[in-house]
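Topology and contacts: notes
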Amino acid sequence: MPTVLIPLLLAADQISKLLALRFLDPIPDRLLPGLYLTLVQNTGVAFGLFKGNPTPLGGFSLLVGFVLLVYLARARSAPLLAFALSLVAAGALGNAVDRLGRGWVVDFLDIGPGLWPVFNLADSFVVVGVILLLLPWGRARN
């Protein structure tokens, strides 16, 4: 599963970011009730922490993604664990591509101007993957 899922998620993340760069601007544009599209160049991590450090952050994201890829390739994990780790790996790699390639991460999903930091698909993959890992039934190893 990870050998198919991670490249698909990574491609979806990068395509969505390319579309955001092409069609969006920093002015919030309402897509649905409670969901706006707002282009943000994020030079830090979540909540704007560690701004201006794209290379170390990109290196760390790349390392996390790579370690998870190696683990998933070598271990026989329960399907839910493999799914959760695949989400985290794809998210880490998606943001690493941005940080190392552009010097900033493309964020564009906005649940309401000023209510929450603008984020992207890679961020969503990481959050959902971590939530799955924290659930009692998500921690099953085999």
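Scope of this entry: the structure provided in the associated data block.

With respect to the sheet that holds strand 3 (residues 105–110)
Read across the open sheet, the 3 strands follow the order 1-2-3; overall the sheet is antiparallel. Edge strands, defined here as strands with exactly one partner in the open sheet, are strand 1 (29–32) and strand 3. When the angles between neighbouring strand axes are averaged without regard to direction, this sheet yields 35°. Of the pairings in the sheet, the one linking strand 1 to strand 2 (residues 35–42) comprises 3 bridges and is antiparallel in character. Bridge pairing in strand 2 places Leu32 opposite Leu35. Across the face of the sheet, helix 1 (residues 2–23) comes into contact with strand 2 and strand 3 while running at roughly 80° to strand 3.

Concerning the packing of helix 3 (residues 79–101) against helix 4 (residues 121–134)
Look at helix 3 against helix 4: their axes get within 7 Å of each other, and the N-to-C directions meet at 150°. On the basis of the axis angle, helix 3 is roughly antiparallel to helix 4. The handedness of the crossing between helix 3 and helix 4 comes out as left-handed. Together, Leu80, Leu81, Phe83, Ala84, Leu85, Leu87, Val88, Ala90, Gly91, Ala92, Gly94 and Asn95 of helix 3 and Ala122, Asp123, Phe125, Val126, Val128, Gly129, Val130, Leu132 and Leu133 of helix 4 make up the contact between the two elements. A class-by-class count of the residues in the contact of helix 3 with helix 4 yields 16 nonpolar, 4 polar and 1 charged.

Brief notes about the pairing of strand 3
Counting buried positions along strand 3 yields 6 of 6 residues, so the element is predominantly enclosed. Where strand 2 lies against strand 3, 5 bridges are found, and the strand directions are antiparallel. Residue Tyr36 lies in a different strand from strand 3, and its bridge partner there is Asp110.

Criteria and thresholds
Residues numbered from 1 in each chain as written. Predicted model: local features only at pLDDT ≥ 70, side-chain atom pairs only at ≥ 80, totals over all residues. Heavy atoms only, no water. Pairing = 2+ DSSP bridges. Helix = DSSP H or I, 4+ residues; strand = E, 2+ residues; numbered from the N terminus. Axes fitted to C-alpha atoms, helices over the stretch in contact; angles between N-to-C directions. Contact = heavy atoms within 4.5 Å. Parallel < 35°, antiparallel > 145°, perpendicular 65-115°, else oblique. Left-handed = near helix turned anticlockwise from the far one by under 90°. Nonpolar A, V, L, I, M, F, W, Y, C, P; charged D, E, K, R; others polar. Buried < 20%, exposed > 50% of the residue type's maximum accessible area, 1.4 Å probe, protein only.

This is a description of form; function is not addressed.
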